[in-house]
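This is what each chain is made of:
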Amino acid sequence: MIDINMNGKVAIVTGAASGLGKAIALRFAQAGADVVVADINISSALETAEEIKSLCRKAITFQIDTRDSESFSKLIDTTTDNLGGLDFMINNAGIGIMKPIHEYSTDEIDRLIDINLKGTIYGCKAALAYMMPRNSGRIVNLSSIAAKMATPASSVYASAKAGVMALTAALAREAASSNININAICPGVVRTDMWEKQLNEMAGNGNEEEKAKIFASFTDMIPLKRPQEPVDIANMAVFLCSDLANNITAQSFAVDGGSTI
Ligand SMILES: NC(=O)c1ccc[n+]([C@@H]2O[C@H](COP(=O)([O-])OP(=O)(O)OC[C@H]3O[C@@H](n4cnc5c(N)ncnc54)[C@H](O)[C@@H]3O)[C@@H](O)[C@H]2O)c1
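Here goes a summary of the coordinates provided. Fair warning: this is a prediction, and the values are worked out from it, not measured in the lab.

Rules of the game
- Residues numbered from 1 in each chain as written.
- Predicted model: local features only at pLDDT ≥ 70, side-chain atom pairs only at ≥ 80, totals over all residues.
- Near = placed C-beta within 6 Å.
- Nonpolar A, V, L, I, M, F, W, Y, C, P; charged D, E, K, R; others polar.
- Domains from an automatic or database assignment.
- Core = buried A, V, L, I, M, F, W, Y, C linked by C-beta atoms within 7 Å.
- Buried ≥ 20, exposed ≤ 12 C-beta atoms within 10 Å, placed from the backbone.
- Contact = placed C-beta atoms within 7 Å.
- Helix = DSSP H or I, 4+ residues; strand = E, 2+ residues; numbered from the N terminus.
- Expected span 1.5 Å × (residues − 1).
- Pairing = 2+ DSSP bridges.
- Right-handed = clockwise from strand over helix to strand, strands pointing away.
- Axes fitted to C-alpha atoms, helices over the stretch in contact; angles between N-to-C directions.

By nearness alone, 29 residues border the ligand, and Gly-15, Gly-19, Gly-94, Thr-192 and Met-194 come closest of all. Residue classes in the shell around the ligand are distributed as 13 nonpolar, 12 polar and four charged. No fewer than three residues from each of domain 1 (10-188 + 229-254) and domain 2 (191-227) sit in the shell around the ligand.

As structure tokens, then:
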């Protein structure tokens with residue numbers, strides 16, 4: 001029987017207050033790991049932590065703005081002090097702002113790059129400072145299919161997410177001699193708060209019927225003809241951190257129902 005057993009392991013998941021990060025945090029807990037729920041939104045992070053505790057795993061919350069590089073060393077220290085170590089770092093926190101290039105304000109461009117790319121760089125740097133001397137650890141970064149294909153109105157978002165793919169490959173080479181595997185996941189279309197905000201903007205008025213129509217126009221293009229669910233992404237994250245993936249590193253895996261064919 002195939003078994004994924006993460007008992008005694010510790011995972012940090014950024015952006016774990018909602019959406020994919022929450023699903024990833026819960027999946028790690030279901031696999032037996034203790035989890036640090038790191039997010040800018042502390043009240044929702046506390047809810048995720050309560051759900052993890054109800055699975056009889058330890059969970060702590062940590063309020064972080066991933067744009068702040070200094071706060072990552074505090075995050076690692078809090079994790080190791082409270083949970084005894086760090087095995088898996090999941091750099092998931094991100095935002096989505098989709099529009100034609102001329103409609104982006106400078107502030108929106110900065111936020112997309114600062115949170116989606118620089119935040120991931122800071123997370124990797126801090127985790128590796130702990131993991132490399134110990135010759136052990138796994139990192140999973142959240143990229144996007146936008147980095148692999150030219151999805152509509154995604155130029156700045158795609159740039160940041162392509163940066164995450166390049167970061168993942170280059171760092172995987174650097175960390176390989178320390179026995180650390182680093183991979184990325186490129187989710188396809190998952191109807192989280194990120195999509196909800198986007199649909200509200202596209203529908204103009206939050207009209208549910210109109211939003212469903214617009215969402216269907218995206219999912220109709222998926223070869224498997226259905227959107228992905230948060231747990232699909234979470235399953236890949238857990239797999240990549242499991243012993244089943246011991247010899248997988250430097251890759252960016254689409255979980256997208258075939259969209260990037
Ligand atoms: N949903 C999709 O279809 C999809 C597709 C491709 C990639 N992704 C990527 O997956 C990741 C998760 O997206 P999601 O759909 O769950 O979004 P979401 O909006 O549901 O959740 C994002 C989480 O990140 C947190 N966050 C945002 N900015 C932060 C910051 N500066 N510091 C700390 N936390 C912050 C939010 O509070 C929230 O809890 C993102 O990196 C996103 O780009 C999502």
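This part takes up the nonpolar core. Side chains that are nonpolar tend, in soluble globular proteins, to be buried together. Val-13, Ile-24, Ala-25, Phe-28, Val-35, Val-37 and Ala-237 are the most contacted members of the largest nonpolar core, which totals 72 residues. Aside from chain neighbours lying at most four places away, what touches Ala-25 is Val-13, Ala-16, Val-35, Val-37, Thr-48 and Ile-52.

Turning to helix 8 (residues 230-241), a few remarks are in order. The end-to-end C-alpha distance of helix 8 is 17 Å, a good match for the 16 Å that 12 residues give at a rise of 1.5 Å each. As for helix 8, its buried residues are in contact with helix 1 (19-30), strand 4 (88-91), strand 5 (137-142), strand 6 (180-187) and strand 7 (252-255).

A few words now on unusual backbone geometry. In this structure, Asn-135 takes a positive phi of about 50° despite not being glycine. Examined against the element boundaries, Asn-135 turns out to sit in the loop between helix 4 (106-131) and strand 5. For Asn-135, a count of 11 C-beta atoms within 10 Å translates into the label exposed. Positive phi, close to 60°, is recorded for Lys-225, a residue that is not glycine. When you line up the elements, Lys-225 lands in the loop between helix 7 (208-219) and helix 8.

This brings us to the pairing of strand 7. The side chains of a regular strand alternate, residue by residue, between the two faces of the sheet. Residues Ser-252 and Ala-254 line the buried face of strand 7, whereas the alternating positions Phe-253 and Val-255 sit on a face that is not buried. As defined by bridge partners, strand 6 adjoins strand 7 across four bridges and the pair is classed as parallel. If you follow Ile-185 over to strand 7, its bridge partner there is Phe-253.

In strand 4, alternate side chains face the same way, and those of Phe-88 and Ile-90 on one face and Met-89 and Asn-91 on the other are all buried. Direction of pairing for strand 4 relative to strand 5: parallel, over a ladder of four bridges. Note that in strand 5 the partner of Phe-88 across the bridge is Arg-138. Between the parallel elements strand 4 and strand 5, the chain passes through helix 4 in a crossover that is right-handed.

For the rest of this paragraph, the subject is the sheet that holds strand 7. What the seven strands build is an open sheet, ordered 3-2-1-4-5-6-7; its pairing is parallel. Both edges of this open sheet fall to strand 3 (59-63) and strand 7, since each of them pairs with a single strand only. Averaged over all pairs of adjacent strands, the angle between their axes in this sheet comes to 20°, without regard to strand direction. The strands that helix 5 (residues 155-176) touches are strand 5, strand 6 and strand 7; relative to strand 6, the one it contacts most, it runs at about 165°.

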